[in-house]
Amino acid sequence: MNIIWDNWPTILTVLVVFGALQALGGGLVYVERKICAFMQNRVGPNRVGPMGLLQILADGLKFILKEEFIPKYADRVVFIIAPTIGFIAAMLSFAVVPFGPTGDPTKIEYASEYQFVIAKNVDIGILFIFAISSLTVYGIILGGWASNNKYSMLGGLRSSAQIISYEIPLGLSILGVTILSGSLNLERVLWHQSADIGSWHIWTQPLAFFLFMVSAFAECNRLPFDLPETEQELVGGYHTEYNGMKLAFFFLGEYTHMVTTSFLMVILFFGGWHFPGIAERDSLGVLKLMAFIVKVFVFIIFYMLIRWTIPRFRFDQLMSLAWKVFIPMALLNLVAVMIVKEFDMPLWLLTLVSIAIIVGAGFITSKPPMRIVKTAA
Amino acid sequence: MPIAETDVRWVKAPTLGLLDRLYIPAIMQGLGTTIKHVFQPKVTQQFPEVRPDLPANYRGLHRLNRDADGRVKCVACFMCSTACPARCIDIVAAPAPPEWKDREKYPEMFVIDELRCIYCGMCEQACPCDAIELTSLFDLTGLSREEMMFDKEKLLSVFDETVKMGKDPIRTQAGVLSCASEPSI
């Protein structure tokens, strides 16, 4: 009993975050449908409640009340476990993500004060997120395999290849950030950038941000990388055979993953709660929280904008993008950060290096124009 | 005869510049397009609240026209039911009442099966006296098959309704009998 009583702020935070993430999952489905509609000059859901806002509840109710159907030849145990794994892994990876104002993690009183993070001062924060969030692929593969359906199986296989490939540029791209801020601890990375706008990592690591963002898209199975669930070729991919609450778990996992990666992008590259003039180190916590949430929502909206802008990649293009383009680029970026840090060179060099790598990649990938060979008649 | 070498125009694939190869400007352009669409006016019609403004030549529910005296315009010539590819028009003709000087016959019964009708508009084209017309009413519903057999009274009431709505079909000469019947003196 004492354990619960002593840790009530943490338990309360866990409950609030858990509830908020699920509500956000439902809310994001609504936002996504609205934005999708706006981009196609439509109105979107507007029948249930004011501006269709109760659509969230209606969707949730539909998922809960639907018949739980399991195909006859499916592996029942794995079939039920798979979405749960995906959901739990997505939720668990949020545990070390700071979602509001946090103090200076180097000070001693940091541990005793309340911080807006479930597990504070975890020194392997980024590592923990990668370790847990890559477990979501189990949910997808097991779901595809247990369905006993060729389309589901293919979706699961594609997903495994895709997620394992994109883990590498995802991890490599933020190594530079961790070297620059000297820690894997997310609160420290955030604090390191909160001095002024010039210390945001986006200025010194634009290439890393770009790689991280695209890899995160691929990790979340979002368009243009939604090969595991391509409707045109695989019916529904790994969740073809799923319905009701189990399908909702897959979706909740996907949207939670989206939220987590948006938070990560803001924390790693855009200074977390810091915003010049509005949310400095000594400003009110509310302002910091607002700045943080607004930044995260900008990224979530960007996810959705990209979804309706870029067509889907072909599978070989997807693979060669990861292995032939992103991994070498990320490695070069990492080497550049190491050199700059080792010889105490000015940090603006890194910006130049990032641009140079992107332009260089453009030169290398260029193919010579198609030759037309005229043969003698 | 083979195509002469002079007639052949060789087209080279356009070479991609550095910016094209980076794909980033193209993606930015695409994002611009999608964002532009967010702020454009919506094309959705809120159907049950906002009724669509259908053109006058829309082929919806039939009506039987009345002449200037409010009598049924039809002269029971069977042209429409002959032309009908779906065979959905059923007419029983009877001698016209003696006070109707301008015609010999009139339909005692005129039934259209709206479920069999394919709304092709051939009845309207076949009619020599513009008595049958397709209106722009499109949302007819019923709870039984019998209800969807529209008889003479029902079709005449459709005429009254559409005249009141001011949505006459484009070919109408409502109220005036046309060439096929003798002008009433």
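Caption draft 1: View of the overall build of chain B. Helix and strand counts for chain B stand at five helices and five strands. Each helix (α) and strand (β) of chain B, taken in turn from the N terminus, gives the series α-α-β-α-β-β-α-β-β-α. At 28 Å, chain B has a C-alpha radius of gyration far larger than the 16 Å of a compact globule built from 185 residues. With respect to the three principal axes, the spread of C-alpha positions in chain B is 90 × 60 × 35 Å. Buried positions account for 35% of the 185 residues belonging to chain B. Residue pairs at least 24 apart in sequence account for 73% of intrachain contacts in chain B once pairs closer than 6 positions are excluded. With an accessible surface of roughly 11,900 Å², chain B has 59% of that area assigned to carbon and sulfur atoms. Once the 22 positive and 26 negative side-chain charges of chain B are each reduced to a mean point, those two points are 7 Å apart.

Caption draft 2: Main features of the packing of aromatic side chains. Under the defined criterion, the tally for this structure stands at 24 aromatic pairs over all chains. Judged by centre distance (6.0 Å) and plane angle (50°), the rings of Phe212 of chain A and Phe269 of chain A are tilted. Pair noted here: Phe212 of chain A is in helix H10 (residues 206-219) and Phe269 of chain A is in helix H12 (residues 244-269), with a separation of 57 residues, a long-range link. Note on accessibility: Phe212 of chain A and Phe269 of chain A belong to one class, buried. Residue placement shows Lys62 of chain A over the ring face of Phe63 of chain A; its charged tip is 5.3 Å from the ring centre. One cation-aromatic arrangement involves Lys154 of chain B over Phe150 of chain B; the distance from NZ or CZ to the ring centre is 4.4 Å.

Caption draft 3: Structural view of the interface of chain B and chain A. With 24 residues of chain B at the interface, the matching set in chain A holds 21 residues. Interface of chain B and chain A: buried area, both sides summed, is about 2,100 Å²; carbon and sulfur atoms make up 70% of it. Applying the counting criterion to the chain B and chain A interface returns one salt bridge. Here Arg47 of chain A makes a salt bridge to Glu49 of chain B, at a shortest N to O gap of 3.2 Å. The interface formed by chain B and chain A includes eight residue pairs in polar contact (both at pLDDT 80 or more). Elements supplying a minimum of two residues to the side of chain B that touches chain A: helix H1 (18-22) and helix H2 (24-38) of chain B. Here the residues of the side of chain B that touches chain A are counted per class, giving twelve nonpolar, seven polar and five charged.

Caption draft 4: Geometry of the sheet that holds strand S2 (residues 89-95) of chain B. Residues and elements named next belong to chain B. Strand order across the open sheet formed by three strands is S2-S3-S5, with antiparallel pairing between neighbours. Looking at strand neighbours, the two that pair on one side only are S2 and strand S5 (149-150), the edges of this open sheet. Contacts from helix H5 (residues 152-165) reach strand S3 (105-113) and S5 within the one sheet, and its direction differs from that of S3 by about 85°.

Caption draft 5: Quick look at the environment of Gly49 of chain A. Residue and element names in this part refer to chain A. By the element assignment, Gly49 lies in the loop between helix H2 (8-39) and helix H3 (55-65). Owing to a relative accessible area of 31%, Gly49 belongs among the partly exposed residues under this scheme. Each C-alpha atom, one on Gly49 and one on Ile174, is 43 Å from the other, the two residues being 125 residues apart in sequence.

Caption draft 6: Structural detail: helix H7 (residues 150-181) of chain A. Residue and element names in this part refer to chain A. The terminal C-alpha atoms of H7, which comprises 32 residues, lie 47 Å apart, in line with the 46 Å expected from a rise of 1.5 Å per residue. By the largest-angle criterion, Leu175 marks the main kink of H7, which is about 25°. Between a side-chain oxygen at the N-terminus of H7 and the backbone nitrogen of Tyr151 the separation is 2.7 Å; the capping residue is Asn149.

Caption draft 7: Local environment of unusual backbone geometry. Residue and element names in this part refer to chain B. The phi dihedral of Ala76 is positive, around 55°, even though this residue is not glycine. We classify Ala76 as buried; its relative accessible area is 0%. In the Ramachandran plot, Arg87 falls in the positive-phi region, its phi being about 50° despite a non-glycine side chain. With respect to the helices, strands and loops of the structure, Arg87 is situated in the loop between helix H3 (79-83) and S2.

Caption draft 8: Spatial organisation of the confidence of the model for chain B. Residue and element names in this part refer to chain B. With 91% of its residues at a pLDDT of 70 or more, chain B has an overall mean of 82. Looking at the elements of chain B, mean pLDDT is at its lowest for H1, recorded as 73, and at its highest for S2, recorded as 91. Long-range and interchain partners of residues 177-185, a stretch whose pLDDT sits below 50, account for 14 contacts in this model, where long-range means more than four residues apart. For this predicted complex, the interface confidence reaches an ipTM of 0.71, while the overall pTM sits at 0.78.

Caption draft 9: Spotlight on helix H13 (residues 285-307) of chain A. Its 23 residues give H13 of chain A an end-to-end C-alpha distance of 33 Å, which sits within 8% of 33 Å, the value for a rise of 1.5 Å per residue. Buried residues of H13 of chain A: Lys288, Ala291, Phe292, Lys295, Val296, Phe299, Ile300, Tyr303, Met304, Leu305 and Ile306 of chain A, and no others. For H13 of chain A, the elements touching its buried residues are H2, helix H8 (186-193), H10 and H12 of chain A together with H2 of chain B.

Caption draft 10: Structural context of the side chain of Thr13 of chain A. Residues and elements named next belong to chain A. Note that Thr13 resides in helix H2. Exposure remark for Thr13: the relative accessible area of 7% places this residue in the buried category. Excluding its chain neighbours within four sequence positions, the residues that come into contact with Thr13 are Phe99, Tyr114 and Ile118.

Quick notes on the rules
Residues numbered from 1 in each chain as written. Chains lettered and ligands numbered in written order. Predicted model: local features only at pLDDT ≥ 70, side-chain atom pairs only at ≥ 80, totals over all residues. Heavy atoms only, no water. Helix = DSSP H or I, 4+ residues; strand = E, 2+ residues; numbered from the N terminus. Rg over C-alpha atoms; globule rule 2.2 N^0.38 Å. Buried < 20%, exposed > 50% of the residue type's maximum accessible area, 1.4 Å probe, protein only. Contact = heavy atoms within 4.5 Å. Areas by Shrake-Rupley, 256 points an atom, 1.4 Å probe, with all protein chains shown as cover. Lys, Arg positive; Asp, Glu negative; His and termini not counted. Charge placed at Lys NZ, Arg CZ, Asp CG, Glu CD. Phe/Tyr/Trp six-rings, centres within 6.5 Å; stacked < 30°, edge-to-face > 60°. Lys NZ or Arg CZ within 6 Å of the ring centre and 35° of its normal. Buried area = accessible area lost by both parts, 1.4 Å probe. Salt bridge = Lys/Arg side-chain N within 4 Å of Asp/Glu carboxyl O. Polar contact = N/O pair within 3.5 Å; in protein donor to acceptor, adjacent residues only side chain to side chain. Nonpolar A, V, L, I, M, F, W, Y, C, P; charged D, E, K, R; others polar. Pairing = 2+ DSSP bridges. Axes fitted to C-alpha atoms, helices over the stretch in contact; angles between N-to-C directions. Expected span 1.5 Å × (residues − 1). Bend = angle between axes of the 7 residues up to and from the residue. pLDDT = per-residue confidence, 0-100.

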